[in-house]
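So you can see what is in the structure, the chains are spelled out below.
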Amino acid sequence: MKRRDFIQAVKCGTISSYLFSNPLFTYASRLAEQTFAQKEKELAYHTITAVKFGSVELKWPRKVGKNARLDDHGFGETSDICVIQTDHGASGWGMVRGKKEAEQILSRLSGKKVSDVFNTQIGITDMDYLPYDIALHDLAGVILQKPVYAVMGAEQPTITDCYSGMLYFDDLDPKDNPAGINKVVEECQQDYDLGYRQFKLKIGRGNKWMPKQEGVQRDIEITKAVAKQFPDCAILVDGNDGFTVEEFIQYLEGIGDIPLFWIEEPFLETAEDYRKLRAWLHANNIKNTLLADGEHNPDDKLLRELEEQKLIDVHLTDILGYGFTPWRQLMPELKQMGILASPHAWGTLLKTHYTAHLTGALGNTPTIEGVTCSSDDVDLSNYRLENGKLIPSTSPGFGMPLLKKI
């Protein structure tokens, strides 16, 4: 079912009939229809009486520096959130996908039964509710007393690897006395001690911050240093479109036989350049490295073309920007195509945890982007990172209680 057809089906209220008439819908799912009806009855018992807006602050454990495109990222992020309350005392919350848009459609949400705006089998019932997508998933989990992955039908979550996504160009800071290569190695050790066993190294220093060849050489040296220090860990690299295909192949030649778990956005994606990269990988007998793209300003049509031609392996569109419910529709399509998925989660651990529930229910994800955070506003303690694996919360909803009054 194509995304445009899915959206139309949601708006017309025909998605349930589609699901249960579809021959691909499993026998086990048919048996779950009674349970589905019970869930919808419980959701229908609750009417939305209040929606409140606020923000939460999440802090990174260290300053995060530059990447190939952007200057210093700082020490953390503040995220807009909403809290949705019902007449029977249930409350759910989540990041808002566009606060202004959410406020504009607030009147369409207030006074509705939860079952009118949320369906456990698909998520939100109308794409107009997309700004509230995360909060409605959380609310449904609270009402049903189930973690979100269980609301989606998984008795037990698929447990997935989680990589550290916080290894930027910190070797270049401070400007008057750069820390050098060992700074990135030290940060990898910090992340290793936190439980990570995969490191995503930002590369592309020659795009803006160093002379071209010096930048490529520094990328090579840091990759070699991390690989030597952490032989039991996987390395991912992210170029943030900072290379040409020729420059990136020069980088690959420079790191020699160091295996890469995946390559992310090495250059501005085109079919021609990805064919060149695929050809080089094939000629050098590199078979297991995944090519990942689609995070930065994704062109959905081009991404689909690259996926259909098997030029990329992993779809990266943002968990919040694309939407949790649209991701629930997209994931089965990607599975059928043989394409993996790892929703972009940079910025806040909230998005990492949301992704853990999506992939916990649907699988098809080789690793999740980890963004280590602490917060005085949110209790993040119900999730665990153990030997590189992210264990999602088993508490109702997303299992992240608000500590801040909204």
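Throughout this description, residue numbers start from 1 for each chain and increase along the sequence as written. Confidence filtering applies because this is a predicted model: local features only for residues at pLDDT of at least 70, side-chain atom pairs given and counted only at 80 or more, and all residues used for totals across whole chains, interfaces and linings. Think of the side-chain values as coming from all heavy atoms in the structure, minus any hydrogens and water.

**Q** Looking at this structure, I do not really get the overall build of the chain. What am I missing?
**A** The secondary structure content of the chain amounts to 17 helices and 15 strands. As defined in this context, the radius of gyration uses C-alpha atoms, and a globule is described by 2.2 Å times the residue total to the power 0.38. The C-alpha radius of gyration of the chain comes to 22 Å, within 12% of the 22 Å expected for a compact globule of 406 residues. Exposure classes here rest on a 1.4 Å probe applied to the protein chains alone. A residue is buried below 20% of its type maximum, exposed above 50%, and partly exposed in between. Per-residue burial over the chain gives 57% buried out of 406 residues. Note on contacts: a residue pair qualifies if any of its non-hydrogen atoms lie within 4.5 Å across the two residues. The contacts of the chain with a sequence gap of at least 6 include a subset with a gap of at least 24, amounting to 73%. With an accessible surface of roughly 17200 Å², the chain has 49% of that area assigned to carbon and sulfur atoms. Here the positive residues are Lys and Arg and the negative ones are Asp and Glu; neither His nor the chain ends is included. The atoms used to mark charge sites are NZ of Lys, CZ of Arg, CG of Asp and CD of Glu. Averaging the locations of the 45 positively and 57 negatively charged side chains of the chain gives two centres separated by 3 Å. What counts as a helix is a DSSP run of H or I of at least four residues, what counts as a strand is a run of E of at least two, and both are numbered from the N terminus. Surface accessibility follows the Shrake-Rupley procedure with a 1.4 Å probe radius. Residue values consider only the protein chains on display as shielding.

**Q** I tried to follow the sheet that holds strand E1 (residues 48–64) on my own but got confused; where do I start?
**A** In any sheet, the strands associate via hydrogen bonds between backbone groups, in a parallel or an antiparallel arrangement. Pairing between strands is defined by DSSP: at least two bridges between them are needed. Pairing in this open sheet of three strands is antiparallel, and the strands run E1-E2-E3 from one edge to the other. Each end of this open sheet is capped by a strand with a single partner; those strands are E1 and strand E3 (91–95). The sheet shows a mean angle of 25 degrees between the axes of neighbouring strands, direction not considered. In this sheet, E3 lies alongside strand E2 (residues 74–86) in antiparallel orientation, the contact comprising five bridges. Looking at the pairing, glutamine 85 lines up with serine 91 of E3. Here an angle of 0 to 180 degrees is reported between the N-to-C directions of two axes, which are lines fitted to C-alpha atoms, with helices fitted over the stretch in contact.

**Q** I would appreciate a short explanation of the pattern of salt bridges in the present structure.
**A** Where charged atoms of side chains with opposite charge meet at close range, the side chains can pair. Counted as salt bridges are all cases of a side-chain nitrogen of Lys or Arg within 4 Å of a carboxyl oxygen of Asp or Glu. One pass over the structure, following the stated rule, counts 23 salt bridges. We note a salt bridge from aspartate 238 to lysine 202, for which the minimum N-O separation is 2.7 Å. Residue aspartate 238 is located in strand E8 (residues 234–238), and its partner lysine 202 is located in strand E7 (residues 198–202); the two are separated by 36 residues in the primary sequence. Per residue, the accessibility class of aspartate 238 equals that of lysine 202, and both read buried. The closest approach of N and O atoms between glutamate 272 and lysine 276, which form a salt bridge, is 3.9 Å. Linking glutamate 272 with lysine 276, this pair stays in helix H13 (residues 271–283), spanning four residues, or about one helical turn. Looking at glutamate 272, the relative accessible area reads 53%, which means it is exposed. One network of salt bridges, in which partners are shared, links Lys63, Lys66, Asp71, Asp72 and Asp173.

**Q** Teacher, can you tell me more about unusual backbone geometry here?
**A** Excluding glycine, a negative phi dihedral is what most residues carry, and trans is how most peptide bonds are arranged. In this structure, proline 174 follows aspartate 173 across a cis peptide bond, with omega equal to -10 degrees. For proline 174, the location among the structural elements is in the loop between strand E6 (160–167) and helix H10 (181–194). Of note, the phi angle at asparagine 240 is positive, near 45 degrees, even though the residue is not glycine. With respect to the helices, strands and loops of the structure, asparagine 240 is situated in the loop between E8 and helix H12 (245–255).

**Q** Explain the nonpolar core here, please?
**A** The tendency in soluble globular proteins is for nonpolar side chains to be buried as a group. Nonpolar cores were defined as sets of buried Ala, Val, Leu, Ile, Met, Phe, Trp, Tyr and Cys residues, with membership established by side-chain atoms within 4.5 Å. Judged by nonpolar contacts, the single largest core of 42 residues is most densely connected at Leu201, Val226, Phe248, Tyr251 and Leu252. At the level of elements, E6, H10, E7, helix H11 (212–229), E8, H12, H13 and helix H14 (300–308) are the ones that each hand at least two residues to this core. For this core, the leading source of residues is H12, giving six residues. Other than its neighbours up to four places away in sequence, leucine 201 contacts Leu167, Val184, Cys188, Ile222, Thr223, Val226, Ile235, Leu236, Val237 and Asp238. Core analysis: the next-biggest nonpolar cluster, separate from the first, contains 37 residues, Trp60, Val148, Leu320 and Trp327 among them.

**Q** Would you explain the state of the cysteines in this entry?
**A** By definition, a disulfide links the sulfur atoms of two cysteines through a covalent bond. Working definition: a disulfide is two cysteine sulfur atoms within 2.5 Å of each other. As enumerated under the stated definition, the model contains zero disulfides in all. Left without a disulfide partner, cysteine 162 is nearest to the cysteine sulfur of cysteine 373, which lies 11 Å away. Residue classification places cysteine 162 among the buried positions, given a relative accessible area of 2%. Cysteine 233 takes part in no disulfide bond, and the closest cysteine sulfur to it belongs to cysteine 188, at a distance of 8.2 Å. Residue cysteine 233 is classed as buried on the basis of its relative accessible area of 11%.

**Q** Sorry, what's going on with the packing of helix H16 (residues 324–337) against helix H17 (residues 349–362) here?
**A** The packing of two helices is summarised by the inter-axis angle and the distance between the axes. Put simply, H16 and H17 touch, their axes get as near as 11 Å, and they point 40 degrees apart. The orientation of H16 relative to H17 falls into the category oblique. Relative to H17, H16 is oriented so that their crossing is right-handed. Here Phe324, Trp327, Arg328, Met331 and Lys335 of H16 lie close against H17, whose contacting residues are Tyr354, Leu358, Thr359 and Leu362. When an angle is under 35 degrees it counts as roughly parallel; over 145 it counts as roughly antiparallel; between 65 and 115 it counts as roughly perpendicular; any other value is oblique. Crossings are sorted by hand: turned counterclockwise from the far helix by less than a right angle, the near helix makes the crossing left-handed, and turned clockwise it makes it right-handed.

**Q** I would appreciate a short explanation of the packing of aromatic side chains in the present structure.
**A** Each aromatic ring pair is described using two quantities: the centre-to-centre distance and the angle formed by the ring planes. Each aromatic pair joins two rings of Phe, Tyr and Trp (for Trp, the six-membered one) with centres within 6.5 Å, and gets the label stacked for planes under 30 degrees apart, edge-to-face for over 60, and tilted for any other angle. Applying the stated rule across the entire model yields 14 aromatic pairs. Considering the side-chain rings of tryptophan 60 and tryptophan 346, the 5.0 Å spacing of their centres and the 35 degrees angle between planes classify their relative orientation as tilted. Placement of tryptophan 60 in strand E1 and of tryptophan 346 in the loop between strand E12 (340–341) and H17 is noted, with a sequence separation of 286 residues between them. The exposure class of tryptophan 346 is buried, given its relative accessible area of 11%.

Taken by themselves, the reported measurements are silent on function.
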